[in-house]
Amino acid sequence: MEQHDRIHLELPAKPEYVSIARLSVSGIANRLGFSYDDIEDIKIAVAEACTNVVEHAYSEEGFISLACYIYEDRIQIIIADQGKSFDIHEVESRLGPVDAKKPVGDLKEGGLGLFLISTLMDKVEINEDNGVMLVMTKYLYESEVEESVDGISSLQSEQG
């Protein structure tokens, strides 16, 4: 199994805490050596994912669960509602791809945020079994994207 560090935050699912998620992930990405443009893309994707949780996940108060898995060549960011703790290896088998190649007109209402996220990140997967879990991956270097991401999702070929 590949070595990684994990940072996990649990934030109230309220608009005023979305900026804390953005700033936290920005700091981590900066430390890893991501370019300014990549960090901006990551911040927008995280803000969009967290805003989706704030707006859609809870009728009462709830939490945004944010985890960053730090690898040598990439960062994997998970935004989930239901406030549950999770291990990326445990859930990867249930993930499905988010397809940025679909025409924007085919997106259901509220799907524009996912479309935006999928254009900003190198790989985006979603699991809706128990709440919503969005897994976003950004590679440090362009060459690693091509080696590691087969089309929309490397999980697609395994499921096929």
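Residues numbered from 1 in each chain as written. Predicted model: local features only at pLDDT ≥ 70, side-chain atom pairs only at ≥ 80, totals over all residues. Heavy atoms only, no water.

## Here's the deal with the side chain of Arg74
When you line up the elements, Arg74 lands in strand 3 (residues 74-80). Looking at Arg74, its side chain comes within polar contact range of the side chain of Asp73, at 2.8 Å. Beyond its immediate chain neighbours, meaning those up to four positions away, Arg74 contacts Glu2, Tyr69, Thr137, Lys138, Tyr139 and Leu140. (Helix = DSSP H or I, 4+ residues; strand = E, 2+ residues; numbered from the N terminus. Polar contact = N/O pair within 3.5 Å; in protein donor to acceptor, adjacent residues only side chain to side chain. Contact = heavy atoms within 4.5 Å.)

## Observations regarding helix 1 (residues 18-32)
Taking 1.5 Å of rise per residue, the 15 residues of helix 1 would be expected to cover 21 Å, and the 22 Å separating its terminal C-alpha atoms lies within 8% of that figure. If you check which residues of helix 1 are buried, you get Val18, Ala21, Val25, Ser26, Ile28, Ala29 and Leu32. Within helix 1, the buried residues cover an arc of 170° as seen down the axis, which keeps them to one side. Away from its buried face, by an angle of more than 90 degrees, helix 1 presents the exposed residues Leu23, Asn30 and Arg31. Those residues of helix 1 hidden inside the fold are in contact with strand 1 (5-12), helix 2 (36-56), strand 2 (63-70) and strand 3. (Expected span 1.5 Å × (residues − 1). Buried < 20%, exposed > 50% of the residue type's maximum accessible area, 1.4 Å probe, protein only. Arc of directions from axis to C-beta.)

## Here's the deal with the pattern of salt bridges
Inspection of the entire model under this criterion finds five salt bridges. Glu61 is the partner of Lys14 in a salt bridge, and the nearest nitrogen-oxygen pair spans 3.9 Å. Here Glu61 lies in the loop between helix 2 and strand 2 and Lys14 lies in the loop between strand 1 and helix 1, a separation of 47 residues in the sequence. Here the salt bridges do not stand alone but share partners, grouping Asp38, Asp41 and Lys138 into one network. (Salt bridge = Lys/Arg side-chain N within 4 Å of Asp/Glu carboxyl O.)

## Considerations on the packing of aromatic side chains
Enumeration over the complete set of coordinates arrives at zero aromatic pairs. A cation over an aromatic ring shows up here: Arg74 above the ring of Tyr71, its NZ or CZ 3.8 Å from the ring centre. (Phe/Tyr/Trp six-rings, centres within 6.5 Å; stacked < 30°, edge-to-face > 60°. Lys NZ or Arg CZ within 6 Å of the ring centre and 35° of its normal.)

## A look at the nonpolar core
Ranked by size, the top nonpolar core spans 33 residues in total, and within it Ile42, Val46, Ile77, Ile79 and Met136 carry the most contacts. Looking at which element gives the most residues to this core, the answer is helix 2, with nine residues. Once residues lying within four places of it in the same chain are set aside, the contact partners of Met136 are Ala45, Val46, Ala49, Ile75, Gln76, Ile77, Ile79, Ile117, Met121, Lys123 and Val124. Counting residues in each nonpolar core, the second largest holds seven residues, with Ala67, Tyr69, Met133 and Val135 among its members. (Core = buried A, V, L, I, M, F, W, Y, C linked by side-chain atoms within 4.5 Å.)

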